[in-house]
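Observations on chain architecture
Each chain, letter by letter, is given below.
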Number of protein chains: 2
Amino acid sequence: MNDRVHLTLDEVHGIASEALRAKGFSERHAGAIADTVTAAERDECTSHGLFRIPFYVKALQAANVSPDAEPTFRDLTPAVLQADSHFGFAPLTLQLAAGPLEKRSREFGIAALCIVNAYNVAALWPEVERLAERGLVAFAFTAALQYVAPAGGTKPVYGTNPMAFAWPRAGRPPLVFDQASSASARGEIQIHLRDGKSIPEGWAIGPDGEPTTDPATGLAGAQLPFGGYKGAAIALMVELLAGALIGDVFSFEATERDAGKVGAPCGGEFMIAIDPARCVGDGNRDAQLAHSEKLFAKILEQDGTRLPSDRRFRARERTPAEGVTIPKSLHDTLREYIDG
Amino acid sequence: MNDRVHLTLDEVHGIASEALRAKGFSERHAGAIADTVTAAERDECTSHGLFRIPFYVKALQAANVSPDAEPTFRDLTPAVLQADSHFGFAPLTLQLAAGPLEKRSREFGIAALCIVNAYNVAALWPEVERLAERGLVAFAFTAALQYVAPAGGTKPVYGTNPMAFAWPRAGRPPLVFDQASSASARGEIQIHLRDGKSIPEGWAIGPDGEPTTDPATGLAGAQLPFGGYKGAAIALMVELLAGALIGDVFSFEATERDAGKVGAPCGGEFMIAIDPARCVGDGNRDAQLAHSEKLFAKILEQDGTRLPSDRRFRARERTPAEGVTIPKSLHDTLREYIDG
């Protein structure tokens, strides 16, 4: 294990925010990004942990990204909030928007957040989990760069287009899923490439349209949607929600605009928050949450089942005490950012 | 073709509503159900066409279903509308709710409809398509009876749990998908059983938990989610939205309550309607729809691609002039309902 470095979660946050600030991010942006990176390391989501910091730094060096833009907000209706990230990264906007989105969903039962002009390379579960911890049901959708072939096609059009959903639970972390509408997250293929491993069949096709298990060939070709045409329909829905619905770009337009410079998608994110207590006549949230626990118990009484995100939540019980390890090469890169 | 009977769409509607009224449905319920059945025949969605009428009739004979309940409505918030079907079938409620849901989504940008105590054996695309024809973006979610195994499990817990989505298009039918979160719709397996055909691998497992291609064994065992754990996560989300969120039952509870009597699910349906023009600063819906057409063109420029529901819309161009054919045995059954 000499090729790995041990870090406490505080150290993860410290090295992330220091590295980001050393490379030019404002204190507020560095803090918000470090929060999401630390949450990912805490939950052992390696591909969204410190592994991501070089992506943020390289994006900034490509000069289209703002290191310090303060998000601005505008009420489009009493229940629809628009947030403009002004070409900064999304985490700061998402942190600032959570309170206002919660307030609107409590008042109207349902509310939407339309984030535009945001660079986003993070997972979506932090933002839906944050709302579910406040007792809300939450959805998030975002597009990316053109990576994924449409149903029946061989060339990329869609992004990996994740969709996240969270449901509150009493006295424990929410039920959360955050899944790419591609067969795998792009980060998973990047990790396979880094580790010199082949990828499973069904994840990608090469530039020639033929199936491939080579991660580099798959990254150069097209990823495939999960579950055939049904996953492709989800990918298409996400494009529309994070693009035309809120007046931002589709994945293929983000790719054209980026022209290979940043390599991180700049576009929109659409969120819906629902107050469950406003969706029943008696407003009894406790009864709703108790009811949902019956479903979870019914699932878990079968051998071999687990709920989405259980693996993350189990990691979360260990890592605050035990810390995490990252590759020494990654640690060296981050130290170089800091020490110049 | 002597084993098939030719009908115009008017004749489809006539025989459907006559059969339903002869078996005790009120004029309004018979009309609303006949509308959805006729729309399905028009679009050559056989499994939701006249094939469904015996399901409605048998459900009514089992006596738990109301043949004439008038839906009632209640505003839970200015943007969340509750509809109680009072144990009637869903189509009448959905027809009556469309206008109020449209009004609320135009005012607040986003609005929700929570339908409770509804029997539902119809497709979901008619209700999302109806809203998209009015320029709205729409989602619908409903649970069913326990048919589908959770991820990692072998016994049914979830319903087939369809999720439908529609996006408006200028001067043509909306973009619509309506897909079960199971690998196949239950109706597709029923059609295979009726026609004496085996089902594809991956659709179902038998009561012993082993994969099967026999439709009867699959119907007795468990259907499988589409796309593995990701499709199962969608199924779980749909359970929560159509169940605990709106104060109605989960699929396994609908099954317990039914106790094999009706064989049609009674529960909730959750819909979200969004006015796209309220999700952009300039309110320019025409620009949003023109933008979405660029995405559709980008998809369709690849050989082998098509948009969801294209097959339905192509059928729709033919069937108003050409009519449809149904099996003579089905026609005989419907005539028996009418003639006693």
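Please refer to the structure placed before this passage.
Just so you know, these numbers come straight off a predicted model, no measurement behind them.

The next point concerns the packing of aromatic side chains. Going through the model one piece at a time under the given rule, you end up with 20 aromatic pairs over all chains. Ring geometry for F25 of chain A and F89 of chain A: centres 6.0 Å apart, planes at 50 degrees, overall tilted. Of this pair, F25 of chain A sits in the loop between α1 (9-22) and α2 (27-42) while F89 of chain A sits in strand β3 (residues 80-89), placing them 64 residues apart in sequence. Judged by its relative accessible area of 4%, F25 of chain A falls in the buried class. Note on F250 of chain A and F252 of chain A: the rings are 6.3 Å apart at their centroids and 15 degrees apart in plane angle, and the pair reads as stacked. Given a relative accessible area of 7%, F252 of chain A falls into the buried group. The cationic tip of R52 of chain A hangs over the ring face of F55 of chain A; the distance from NZ or CZ to the ring centre is 4.6 Å. Cation over ring: R186 of chain B sits above Y147 of chain B, and NZ or CZ is 3.6 Å from the ring centre.

Let us now look at the relation of the copies chain B and chain A. With an RMSD of 0.0 Å, chain B superimposes on chain A once it is rotated by 180 degrees and translated 0.0 Å along the axis. Given the turn and translation reported, the copies of this chain are related as if by a two-fold rotation axis. Across chain B, the smallest distance between a C-alpha and the rotation axis is recorded for G227 of chain B, namely 1.9 Å. A share of 100% of the interface residues of chain B reappears at the interface of chain A, consistent with the copies meeting face to face through the same patch.

Right, let's get into the interface of chain B and chain A. Contacts between the two partners involve 79 residues from chain B, matched on the other side by 79 residues from chain A. Interface area, chain B with chain A, both sides summed: about 5,900 Å², of which 73% is carbon and sulfur. It is K230, L245 and L295 of chain B that lose the most area in chain B upon contact with chain A, and together they represent 11% of the buried surface on that side. Summed over the shared surface of chain B and chain A, the result is zero salt bridges. On the surface where chain B and chain A come into contact, there are 22 residue pairs in polar contact (both at pLDDT 80 or more). Counting residues per element, the side of chain B that touches chain A draws most heavily on helix α8 (residues 229-242) of chain B, which supplies ten residues. A class-by-class count of the residues in the side of chain B that touches chain A yields 46 nonpolar, 20 polar and 13 charged.

Residues and elements named next belong to chain A. Turning to its location among the elements, Q223 is positioned in strand β10 (residues 222-223). Sequence-wise, Q223 and P211 are twelve residues apart; in three dimensions their C-alpha atoms are separated by 9.8 Å. Ignoring any residue separated from it by four or fewer positions in sequence, one finds Q223 in contact with Y147, V148, A149, T160, S182, S184, A185, R186, I189, W203 and A204.

On to unusual backbone geometry. Residue and element names in this part refer to chain A. Phi is positive for F87, close to 70 degrees, though the residue is something other than glycine. By the secondary structure assignment, F87 is in strand β3. A relative accessible area of 32% places F87 in the partly exposed class. The backbone of N117 sits at a positive phi, close to 55 degrees, despite the residue not being glycine. In this structure, N117 sits in strand β4 (residues 110-119).

It is worth spelling out the side chain of S181 of chain A at this point. All names here are of chain A. Mapped onto the fold, S181 is located in the loop between β7 (175-179) and α6 (186-194). Within the local environment of S181, its side chain forms a polar contact with the backbone oxygen of N161, the two atoms lying 2.8 Å apart. Excluding its chain neighbours within four sequence positions, the residues that come into contact with S181 are T160, N161, P162, P225, F226, G231, I234 and A235.

Tallied over the full model, the rule gives 34 salt bridges over all chains. Here R104 of chain B ties to D75 of chain B by a salt bridge, and the two come within 2.9 Å at their closest N and O atoms. Within this pair, whereas R104 of chain B is found in helix α4 (residues 90-108), its partner D75 of chain B is found in strand β2 (residues 72-77), the two being separated by 29 residues in sequence. By relative accessible area, which is 45% here, D75 of chain B ends up partly exposed. Shared partners join several salt bridges into a network, and the residues in it are R42, D43, E129, R312 and R316 of chain A.

Bringing the sheet that holds β4 of chain A into the picture now. Residues and elements named next belong to chain A. With mixed pairing, seven strands are arranged side by side in an open sheet as β2-β3-β4-β11-β5-β6-β7. The two strands at the open ends of the sheet, each matched to only one other strand, are β2 (72-77) and β7. In this sheet, neighbouring strand axes are inclined to one another by 15 degrees on average, regardless of whether the strands run parallel or antiparallel. Summarising the sheet, strand β6 (residues 163-167) and β7 pair through five bridges and their orientation is antiparallel. Within β7, the residue paired with W167 across the bridge is L175. Packed onto the sheet, helix α5 (residues 125-132) meets β5 (137-142), β6, β7 and β11 (266-274) and runs at close to 20 degrees relative to β6.

Quick notes on the rules
Residues numbered from 1 in each chain as written. Chains lettered and ligands numbered in written order. Predicted model: local features only at pLDDT ≥ 70, side-chain atom pairs only at ≥ 80, totals over all residues. Heavy atoms only, no water. Phe/Tyr/Trp six-rings, centres within 6.5 Å; stacked < 30°, edge-to-face > 60°. Helix = DSSP H or I, 4+ residues; strand = E, 2+ residues; numbered from the N terminus. Buried < 20%, exposed > 50% of the residue type's maximum accessible area, 1.4 Å probe, protein only. Lys NZ or Arg CZ within 6 Å of the ring centre and 35° of its normal. Least-squares fit on C-alpha atoms with pLDDT ≥ 70 in both. Contact = heavy atoms within 4.5 Å. Buried area = accessible area lost by both parts, 1.4 Å probe. Salt bridge = Lys/Arg side-chain N within 4 Å of Asp/Glu carboxyl O. Polar contact = N/O pair within 3.5 Å; in protein donor to acceptor, adjacent residues only side chain to side chain. Nonpolar A, V, L, I, M, F, W, Y, C, P; charged D, E, K, R; others polar. Pairing = 2+ DSSP bridges. Axes fitted to C-alpha atoms, helices over the stretch in contact; angles between N-to-C directions.

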